[in-house]
Amino acid sequence: MKKLMIDLVYFAWVRERIGISKETLETNAQTVAELIDELKAREERYALAFEDISALRVAVDQELSAFDASLDGVREVAFFPPMTGG
Amino acid sequence: MKKLMIDLVYFAWVRERIGISKETLETNAQTVAELIDELKAREERYALAFEDISALRVAVDQELSAFDASLDGVREVAFFPPMTGG
Amino acid sequence: MSVRVQSEPFDPGKELSQFSRLVSGAGAIVTFTGVVRDEDGTLNHMMIEHYPAMTGPAIEAIEKEAIGRWNLSASLVIHRYGALSPGDQIMMVATASRHRAHAFAAAEFLMDYLKSRAPFWKKEFTADGAYWVTAKDEDEDALKRW
Amino acid sequence: MSVRVQSEPFDPGKELSQFSRLVSGAGAIVTFTGVVRDEDGTLNHMMIEHYPAMTGPAIEAIEKEAIGRWNLSASLVIHRYGALSPGDQIMMVATASRHRAHAFAAAEFLMDYLKSRAPFWKKEFTADGAYWVTAKDEDEDALKRW
């Protein structure tokens with residue numbers, strides 16, 4: 001299985017809970033959901049940030065995506081709460 | 001029957017057909033409709049202006065009104081086509 | 001609440017700046033500006049006639065209704081009459097409310113009423129002659145949603 | 001079509017003036033300006049965070065869709081990030097079209113998308129503490145009408 005190098009970026013309270021805004025991860029995860037499971041297993045702060053997936057949104061290479069999206073060829077995954085622009 | 005002194009004002013093509021923008025009339029008409037009948041009987045240019053009532057609007061003392069509105073106590077009646085503001 | 005019926009040009013940008021200062025804290029400000037279209041170059045100019053004794057009171061009544069229905073913190077209507085050329089501003093509406101949906105609805109309501117209920121009449125002067133603009137069924141229909 | 005994401009203040013009036021000059025002949029120009037509310041004096045300031053790599057492209061995609069659906073002759077979106085105080089302008093949308101209904105619909109559509117789909121997050125700093133603004137169900141529902 002091919003290892004991926006992926007940039008992870010976090011915004012708003014996801015960033016605050018995890019404590020960093022950006023990191024690069026080497027992962028075996030094939031989908032966003034697998035990536036989240038891997039992160040949750042890592043440390044309490046990740047478990048806390050990804051506690052309730054329904055309160056989160058994900059962008060894959062800057063496009064809003066579903067949690068079952070493939071990570072094949074992906075360079076950047078962003079996690080954040082629902083947007084509150086305007 | 002009480003005679004009324006009423007100011008008549010005309011706008012847009014109603015004004016153009018009648019040829020004046022304002023006149024004062026002494027009339028026995030009790031309603032707008034009766035007033036129109038009286039005007040139509042007067043001269044061809046009035047008959048032409050009031051030919052098709054459905055193409056006209058009337059304001060009685062500066063309020064949009066129905067053609068059967070009473071003229072009791074009224075000082076000014078305005079005739080014009082549907083408005084095209086905005 | 002403010003109504004201005006005038007023959008002089010106005011600057012929509014300056015009007016918005018002034019309106020914004022007046023209502024800071026409202027949350028949502030919507031403006032509509034109507035501009036004379038050149039109709040693919042066929043329009044020479046336009047004359048707008050109005051009924052001075054009725055115009056101000058009619059627009060004020062419409063504004064009062066809008067303010068009550070959408071709880072506006074401020075509103076503005078400017079409408080010109082007289083001779084206008086393609087590219088000239090004809091009129092402007094501004095509304096301010098706590099909520100964007102209210103500011104939008106009130107501005108659309110005011111526009112729909114101004115189109116069909118405020119006593120203005122437009123005459124277009126083109127290369128082919130002069131014509132009174134006729135009221136559109138769609139403008140009358142637009143009123144029914146309110 | 002124009003998108004600006006900036007921390008600097010902007011002047012909605014100047015923007016409307018400039019936009020009007022650009023699109024003279026469009027017939028109908030609608031603007032929406034969002035202003036920070038003081039929430040009855042409880043709000044000290046607000047911080048808006050965004051996702052720089054995504055914000056511009058996401059708004060451009062939304063604008064392109066609006067231009068296509070309502071045949072706009074021009075559109076403008078300005079959105080600020082960083083620290084904002086009550087009374088400050090947060091954002092502005094402007095649309096120009098031949099028809100008023102199209103200009104209104106496109107502006108509302110852009111606003112609804114910016115509220116829920118452009119990557120901005122607001123944090124409010126009040127006397128009681130700092131809170132992330134939560135997305136409203138009504139904002140998500142507003143998207144369904146398009």
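You'll find the structure just up there.
Fair warning: this is a prediction, and the values are worked out from it, not measured in the lab. (Residues numbered from 1 in each chain as written. Chains lettered and ligands numbered in written order. Predicted model: local features only at pLDDT ≥ 70, side-chain atom pairs only at ≥ 80, totals over all residues. Heavy atoms only, no water.)

A.B. asks: Requested: an account of helix α2 (residues 32-42) of chain B, with residues and values cited.
C.D. replies: All names here are of chain B. All buried positions along α2 are accounted for by V32, L35, I36 and L39. Relative to the axis of α2, the buried residues are bounded by an arc of 100 degrees and lie together on one face. In α2, the exposed residues that point more than 90 degrees away from the buried face are D37 and A41. Buried positions along α2 lie against β1 (4-10), β2 (22-27), α3 (44-49), β3 (57-60) and β5 (76-80). (Buried < 20%, exposed > 50% of the residue type's maximum accessible area, 1.4 Å probe, protein only. Helix = DSSP H or I, 4+ residues; strand = E, 2+ residues; numbered from the N terminus. Arc of directions from axis to C-beta. Contact = heavy atoms within 4.5 Å.)

A.B. asks: How would you explain the pattern of salt bridges if you had to name every residue and give the values?
C.D. replies: Tallied over the entire structure, the rule returns 28 salt bridges over all chains. Between D:E49 and A:R15 there is a salt bridge, with the nearest N and O atoms lying 2.5 Å from each other. On the criterion of chain membership, the pair formed by D:E49 in strand β3 (residues 43-50) and A:R15 in helix α1 (residues 12-18) is interchain, its members lying in two chains. By relative accessible area, D:E49 is classed as buried at 14%. Of the charged contacts in the structure, one is a salt bridge between D:E65 and D:R69, with a shortest N-O distance of 3.3 Å. Linking D:E65 with D:R69, this pair stays in helix α2 (residues 52-70), spanning 4 residues, or about one helical turn. Judged by relative accessible area, D:E65 falls into the partly exposed class, the value being 37%. Connected via shared salt-bridge partners are C:R100, D:E108, D:D112, D:D139 and D:R145. (Salt bridge = Lys/Arg side-chain N within 4 Å of Asp/Glu carboxyl O.)

A.B. asks: An account of the packing of aromatic side chains is needed here, citing residue identities and associated values.
C.D. replies: Inspection of every chain in the model, using the stated rule, returns 24 aromatic pairs over all chains. Ring plane angle 15 degrees and centroid distance 5.4 Å describe the contact between C:F104 and D:F32, whose orientation is recorded as stacked. With one member in each of two chains, C:F104 in helix α3 (residues 100-117) and D:F32 in strand β2 (residues 28-35) form a pair that bridges those chains. Grouping residues by exposure puts C:F104 and D:F32 together as buried. Centroid distance D:F109 to D:W146: 5.7 Å. Interplanar angle 90 degrees. Geometry classified as edge-to-face. Taken as a pair, D:F109 in helix α3 (residues 100-117) and D:W146 in the segment after α4 (137-143) lie far apart in primary sequence, 37 residues in all. (Phe/Tyr/Trp six-rings, centres within 6.5 Å; stacked < 30°, edge-to-face > 60°.)

A.B. asks: Describe in detail the interface of chain A and chain D, supporting the description with residues and values.
C.D. replies: Chain A puts 19 residues into the contact, and the matching count from chain D is 23 residues. Both faces combined, the contact of chain A with chain D buries some 1,700 Å², and carbon together with sulfur accounts for 60% of it. The largest contributions to the chain A side of the interface with chain D come from A:M83, A:T84 and A:G86, which together make up 41% of the buried area. Inspection of the region where chain A meets chain D yields 2 salt bridges. Residue D:K123 is joined to A:E16 by a salt bridge in which the shortest nitrogen-to-oxygen separation is 2.3 Å. Elements that contribute at least two residues to the side of chain A that touches chain D include exactly β1 (4-10), α1 and β5 (76-80) of chain A. When residues in the side of chain A that touches chain D are grouped by element, the largest group, 4 residues, is from α1(A). (Buried area = accessible area lost by both parts, 1.4 Å probe.)

A.B. asks: Help me get a handle on the packing of α3(C) against α3(D), residues and values and all.
C.D. replies: Interhelical geometry of α3(C) versus α3(D) gives an angle of 180 degrees and a closest axis separation of 11 Å. Comparing the axis directions of α3(C) and α3(D) gives the class roughly antiparallel. In this structure, α3(C) uses C:R100, C:F104, C:A107, C:E108, C:M111, C:D112 and C:K115 to contact α3(D), whose residues at the interface are D:R100, D:F104, D:A107, D:E108, D:M111, D:D112 and D:K115. (Axes fitted to C-alpha atoms, helices over the stretch in contact; angles between N-to-C directions. Parallel < 35°, antiparallel > 145°, perpendicular 65-115°, else oblique.)

A.B. asks: Lay out the relation of the copies chain D and chain C with the relevant residues and their values.
C.D. replies: By a simple turn and slide, chain D fits onto chain C: the slide is 0.0 Å along the axis, the RMSD is 0.0 Å, and the turn is 180 degrees. Such a combination of rotation and displacement between the chain copies is what one expects of a two-fold axis. Closest approach to the rotation axis among the C-alpha atoms of chain D is made by D:G13, whose C-alpha sits 1.9 Å away. A shared interface surface links the copies, since 100% of the contact residues of chain D are contact residues in chain C too. (Least-squares fit on C-alpha atoms with pLDDT ≥ 70 in both.)

A.B. asks: Report on helix α2 (residues 52-70) of chain C, specifying residues and quantitative values.
C.D. replies: Helical geometry: 3.6 residues make up each α-helical turn, so side chains three or four residues apart lie on a common side. All names here are of chain C. Across its 19 residues, α2 extends 28 Å between first and last C-alpha, which sits within 8% of the 27 Å expected from 1.5 Å per residue. Buried within α2 are the following residues: M54, T55, G56, A58, I59, I62, E63, A66 and W70. Remark: N71 follows α2 within two positions and exhibits a positive phi of approximately 50 degrees. (Expected span 1.5 Å × (residues − 1).)

A.B. asks: Could you give an account of the nonpolar core, naming the residues involved and the relevant values?
C.D. replies: Judged by nonpolar contacts, the single largest core of 60 residues is most densely connected at C:V93 and D:V93. Contacts of D:V93, omitting those with residues within four sequence positions, involve D:V30, D:T31, D:F32, D:L76, D:V77, D:A107, D:L110, D:M111 and D:L114. (Core = buried A, V, L, I, M, F, W, Y, C linked by side-chain atoms within 4.5 Å.)

A.B. asks: Break down unusual backbone geometry for me, citing the residues and quoting the values.
C.D. replies: Residue and element names in this part refer to chain B. Of note, D61 is a non-glycine position whose phi angle comes to about 45 degrees, a positive value. Tracing the chain through its elements places D61 in the loop between β3 and β4 (63-65). Although it is not a glycine, Q62 sits at a positive phi angle of roughly 65 degrees. With respect to the helices and strands, the residue Q62 is situated in the loop between β3 and β4. Residue class for Q62 comes out partly exposed when judged on its relative accessible area of 27%.

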